[in-house]
Amino acid sequence: MRHVISAIVENKPGVLAHIAGLFAGRGFNIDSLAVGETEDPMRSRMTVVARGDDAVLEQIRKQLGKIIDVIKVVDFSGADTVERDLMLIKVAASPDRRGEVFEIVEVFRGKVVDIGPKHLTLEVSGPEKKIEAFIDLVKPYGVKELVRTGRIALARGA
Amino acid sequence: MPDRNGAHILLEALKAEGVDTVFGVPGGAVIPLLDAFYDDEDLRFILMRHEQGAGHAADGYARASGKVGVCLATSGPGATNLVTALATANFDSVPMVAITGQVKTHLIGNDAFQEADITGIVRPCTKHTYLVRDVTRLGEYLRAAFHIARTGRPGPVLVDIPVDVAVAKTGAPLPDGVDIPGYKPVYKGNRRQIKRAAQAINAAERPLLYVGGGVVISEASDLLHEVAVKGNIPVTTTLMALGAFPEDHPLSLKMLGMHGTAYANYAVQEADLLIAVGARFDDRITGDVTNFAPNATILHIDIDPASISKNIRVDIPVVGDASDVLAGLLSLMEHRDRKVWLEQIQAWKTEYPLAYKGDGLKPQYVVEQICEASRGEAIVCTEVGQNQMWAAQWYTHTRPRHFISSGGLGTMGYGFPAAIGAQVGRPDAIVVDVAGDGSIQMNIQELAPAVHEKIPVKVCILNNGYLGMVRQWQELFYDRRYSATRLLGNPDFVAVAEAYGASGVRVTRPEEVRPALDRAFADREVWVLDFAIEPEENVFPMVPAGEAIDRMIGGMA
């Protein structure tokens, strides 16, 4: 079972290493980890996608909560949330086939962020499934490089 | 506030926290810190001979006194030598603050001389760490370090102070208190959960209290006693909790687990309610988790939510301090006599007592005599291995904070420096280190500060010429192939003691044991007693690793 766990942490050196070390040391599996400053510059939010059964996930939440620099831990599973991945993908598209790629980008409400004689760099955001569907569709044109942020998430409502 | 430097802020903070002793070893990066100690009359600096010894001494001081232990080491190798001591304290929830020197802030990360990323190295084996880059924050971090070390589930906190921060000046006052947003330990148990727990206890026919070190830390022994007596609930303790419930009480089942008593382990397997208090279901307790307490509802009281349902699924969790929760339970519990259950337990006690056989100088006998000669009042520190288990089994533990041992990490070399620390924390007590001939050689250099500072610990070496516990496993599970466990080349321990200025005696016959102990305990000097015990004596009973805990071998009459 995959869970999206969101942790508000102190924005200071060593916290990311501490959390990464916790996952490695206790053998917890993570699919992605995204970190960034919050509305309060003293705090960061870490969004972790982790896998395991209920007992493992309970331990992950509790062990994260024990870290002094972790202020709050929420498991978003089952909660009403907005989740997004962001991807930048460099596609090898010759000028004659660009039209087809543009159409796909439009359907996915993505953006063209860089363009050259032999490539297009595209930006797509959305839930994981949408990102993966997009990759599948542009694969035939030749994917040169891609980068993904890992999941970020917020609960819906005030 | 007049300007003062980082070193003076350190001293000011230590005093404000009630520290009277620091155990440490100097080095280049802490010269400014030590300079501040030079003309201070209130703080005692005990110069240990190895940083590991300093760390364990601070740990033993903390366990014996209940106060925060403090150690100090220099940067680089000094700091890395503390790692084992920090991991030991972390595992056993010991409140400790370690101060380390660090290279100058502008050199950090530059591979400077004697540089180590010590906060990075010890992060997984401490409760928290601080690297102080700014002298104006030093007071705040030190205050926070002590607060974190002693509250909640206690543990070691390391504060790393670069040389330039130690000499930098500031007028910033020491803050009165600290507010750490991510750290709010829960002391008060949830009332609804306590009610559920009390109902389960009142309804149980075969309840058993399984008590861990949390009861000692919470100073909850008296409450535990009241709970046990009111409900006629038998009590078994972990190694960490020996003495939390008096073993001469009829409700005591002594220790459980791998080398626990048969009757404690049988009681676990037959209980219909297991009441775990400040214990964490370690594998040395549970053996095979799928066959642990198979008939019991599990009630778990612990201040650390992460300990609950980690190894064993808990039916009734109560997060809180043992004292608070036990007091709550006591008010809701009804008196029960539980005659049938107690009769069953008495029958097991009669049928399967702890026992040893044979003539010669038996380690069990030596430990019994240590108990009698000290009237059961000694603070018993141990090393790790057979010596530790014999001390646990054969001394009658009746008081909390009187059994000091590395339980979780299992650190050989812990006992002697811990005994030094314990004696400093409790100057009037008889402090004994029950050692093996292997373990004692891991920190034997600390005889120097013990003698010089007149810290009169009594080292009792149960000398069998082997790394005994490993040899025992080799005998039982590896066809007596004693690979690398025979300790050839041991020194004459009496001569070693005398070379350091301590007193020593070698004991080879049972009738010499008591006179030697009486003489050493009556004397206010450091003693090394070298007991030439039966070389191949084993610790029994024993549950082979991974087996269910009622599948014990050996040691029953």
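These numbers were taken from a predicted model, which means no experiment stands behind them.

**So, the overall build of chain A**
- On a plain count of helices and strands, chain A comes out with 4 helices and 9 strands.
- Viewed in the frame of its principal axes, chain A has a C-alpha envelope of about 55 × 35 × 30 Å.
- Counting all 158 residues of chain A, 25% fall into the buried class.
- Looking at chain A alone, contacts between residues at least 24 apart form 74% of all its contacts between residues at least 6 apart.

**What about the nonpolar core?**
- In this structure, Val97, Ala145, Val159, Val211, Leu274 and Cys460 of chain B are the most contacted members of the largest nonpolar core, which totals 201 residues.
- Filtering out sequence-adjacent residues up to four positions away, Cys460 of chain B remains in contact with Val366, Ile370, Val432, Asp433, Val434, Ala435, Leu529 and Phe531 of chain B.
- Listed in part, the 10 residues of the second largest apolar core include Val91, Val105, Val124 and Phe134 of chain A.

**Considering the pairing of strand S3 (residues 44–47) of chain B**
All names here are of chain B.
- Relative to S3, strand S2 (residues 21–24) runs parallel, the two sharing 4 bridges. Considered in S3, the bridge of Phe23 is made with Ile46.
- For the handedness criterion, the β-α-β arrangement of S2, helix H2 (residues 31–38) and S3 is classed as right-handed.

**Notes on unusual backbone geometry**
Residue and element names in this part refer to chain B.
- For the bond running from Phe540 to Pro541, omega is -5°, close enough to zero to count as cis.
- Examined against the element boundaries, Pro541 turns out to sit in the segment after strand S20 (527–532).
- Positive phi values are uncommon outside glycine, yet Asn232 reaches one of about 50°.
- With respect to the helices, strands and loops of the structure, Asn232 is situated in the loop between helix H11 (221–231) and strand S10 (235–237).
- Positive phi outside glycine occurs at Arg401, with the angle close to 65°.
- Tracing the backbone shows Arg401 in the loop between helix H17 (386–394) and strand S16 (403–404).
- Of the residues examined, Arg401 has 21 C-beta atoms within 10 Å and is grouped as buried.

**Here's the deal with the environment of Tyr263 of chain B**
Residue and element names in this part refer to chain B.
- Position of Tyr263 relative to the elements: it lies in helix H12 (residues 262–270).
- On the neighbour-count criterion, Tyr263 (25 C-beta atoms within 10 Å) is buried.
- Note: C-alpha distance between Tyr263 and Gly243 (20 residues apart in sequence) is 18 Å.
- Once residues within four sequence positions are removed from consideration, Tyr263 is found in contact with Leu253, Ile345, Trp348, Lys349 and Tyr352.

**Section: the environment of Val138 of chain A**
All names here are of chain A.
- Following the sequence through the fold, Val138 ends up in helix H4 (residues 128–138).
- Note on Val138: 23 C-beta atoms within 10 Å, which makes it buried.
- In sequence terms Val138 and Leu154 are 16 residues apart; their C-alpha atoms lie 29 Å from each other.
- Setting aside chain neighbours within four positions, we find Val138 in contact with Ile89, Val91, Val101, Ile104 and Val143.

**Some words on the interface of chain A and chain B**
- If you look at the interface, chain A gives 16 residues, while chain B gives 14 residues.
- The set of elements that each furnish at least two residues to the side of chain A that touches chain B consists of helix H1 (15–25), helix H2 (54–66) and strand S4 (70–75) of chain A.
- In terms of residue count, the dominant contributor to the side of chain A that touches chain B is H2 of chain A (6 residues).

**Considering the domain arrangement of chain A**
All names here are of chain A.
- Here the domain parsing of chain A yields domain 1 (2–75) and domain 2 (81–155).
- Between domain 1 and domain 2, the contact holds 7 residues from the first and 6 residues from the second.
- Per-element accounting of the side of domain 1 that touches domain 2 gives the leading share, 3 residues, to strand S2 (residues 29–37).
- The residue makeup of the side of domain 1 that touches domain 2, split by class, is 4 nonpolar, 3 polar and no charged.

Quick notes on the rules
For every chain, the first residue of its written sequence is number 1, and the numbers climb from 1 along that sequence. Chain letters start at A and ligand numbers start at 1, both assigned in the order the entries are written. Reporting in this predicted model follows two pLDDT cut-offs: at least 70 for local features of residues, and 80 or more for side-chain atom pairs to be given and counted; totals over whole chains, interfaces and linings ignore these cut-offs and use all residues. A helix here means a DSSP run of H or I that spans at least four residues, while a strand means a run of E at least two residues long, and both kinds are numbered starting from the N terminus. Partly exposed residues are those whose C-beta has more than 12 but fewer than 20 other C-beta atoms within 10 Å; 20 or more makes a residue buried and 12 or fewer makes it exposed, with C-beta atoms placed from the backbone. Placing a C-beta atom from the backbone of each residue, one calls two residues in contact when those atoms lie within 7 Å. What makes a nonpolar core is a set of buried Ala, Val, Leu, Ile, Met, Phe, Trp, Tyr and Cys residues, with links drawn between C-beta atoms within 7 Å. When DSSP finds two or more bridges between a pair of strands, those strands are recorded as paired. Handedness of a crossover is defined as follows: orient the strands so they point away from the viewer, and if the path from the first strand over the helix to the second runs clockwise, the crossover is right-handed. As used throughout, domain bounds are those supplied by an automatic or database domain assignment. For this classification, the nonpolar set comprises Ala, Val, Leu, Ile, Met, Phe, Trp, Tyr, Cys and Pro, the charged set comprises Asp, Glu, Lys and Arg, and every other residue, Gly included, is treated as polar.

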